[in-house]
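Survey of secondary and tertiary structure
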Amino acid sequence: MAENEIVKRKKSSNKLIASLVILIVFILVGGFAYFQYMIFKIKAEGIAIGYERAAAAASQMGRPIPDSIFEEGNYRVEVKSSLGANQSDITINVKDLYSNVTHYTLTRTINAAATVPENKKP
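As a starting point, this report considers the structure included with it.

Take the overall build of the protein chain next. Summing up its helical and strand segments, the protein chain has one helix and four strands in all. Seen in sequence order, the protein chain has helices and strands lined up from the N terminus as α-β-β-β-β. A total of 122 residues make up the protein chain; the buried ones form 21% of that total. Accessible area of the protein chain: about 9300 Å², with a carbon and sulfur share of 60%.

So, on to the pattern of salt bridges. Enumeration according to the criterion identifies two salt bridges in this entry. For Glu71, the salt bridge goes to Arg76, with nearest N and O atoms at 3.8 Å. Its salt-bridge partner being Lys95, residue Glu78 comes within 3.5 Å of it at the nearest N-O pair. On the criterion of sequence distance, the pair formed by Glu78 in strand β2 (residues 75–83) and Lys95 in strand β3 (residues 87–96) is long-range, its members being 17 residues apart.

Ile65, Ile90, Ile92, Val94 and Ile110 are the most contacted members of the largest nonpolar core, which totals 14 residues. Taken together, the elements giving at least two residues each to this core come down to α1 (2–60), β2, β3 and β4 (102–111). The element contributing the most residues to this core is α1, with five residues. Setting aside residues up to four positions removed in sequence, Ile65 forms contacts with Ala55, Ser59, Val79, Ser81, Ser88, Ile90 and Ile110.

Attention now goes to the side chain of Asn93. Among the structural elements, Asn93 can be located in strand β3. Residue contacts for Asn93: discarding those within four places in its chain leaves Arg76, Val77, Glu78, Tyr104 and Thr105.

Another point: a nonpolar patch on the surface. Nonpolar side chains collect at one region of the surface, where Leu16, Leu20, Leu23 and Ile27 lie side by side and expose about 390 Å² of accessible area between them. Along the polypeptide, Leu20 turns up in helix α1.

Strand order in the open sheet formed by four strands is β1-β2-β3-β4, and the pairing between neighbours is antiparallel. Each end of this open sheet is capped by a strand with a single partner; those strands are β1 (68–72) and β4. Looking at each pair of strands side by side, their axes are set apart by 20 degrees on average, direction ignored. Bridge analysis of β3 against β4 gives nine bridges, and the strand direction is antiparallel.

What counts and what doesn't
- Residues numbered from 1 in each chain as written.
- Predicted model: local features only at pLDDT ≥ 70, side-chain atom pairs only at ≥ 80, totals over all residues.
- Heavy atoms only, no water.
- Helix = DSSP H or I, 4+ residues; strand = E, 2+ residues; numbered from the N terminus.
- Buried < 20%, exposed > 50% of the residue type's maximum accessible area, 1.4 Å probe, protein only.
- Areas by Shrake-Rupley, 256 points an atom, 1.4 Å probe, with all protein chains shown as cover.
- Salt bridge = Lys/Arg side-chain N within 4 Å of Asp/Glu carboxyl O.
- Core = buried A, V, L, I, M, F, W, Y, C linked by side-chain atoms within 4.5 Å.
- Contact = heavy atoms within 4.5 Å.
- Patch = residues over 30% accessible without salt bridge, like charges linked within 9 Å, V, L, I, M, F, W, Y side chains within 5 Å.
- Pairing = 2+ DSSP bridges.
- Axes fitted to C-alpha atoms, helices over the stretch in contact; angles between N-to-C directions.

What follows is the structure, encoded as structure tokens:
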């Protein structure tokens, strides 16, 4: 009878160890997938902020900001702008190239007239 109980304990401890190993593997795979997804979203944010800064610089030089759609790596970037008297509103949507899911949206108002320096003669 004692040998039977030892065999049962070994089987139950083996099941417990196997369950813990499977749980740890699932946690590691889930953590890795979440990390990759967050890296993808952070890159989308970087693309939007970079394009917004470039659009602000172009606006300061007097260049219009056209509405456009372009691809950057695994992202599709949609730019929509509306021009006003001295300022323009720009909306940048960064989407996944394959599933067309929006990962980051940036809306800013760019004041073009205040940043252009005038040449002053002494």
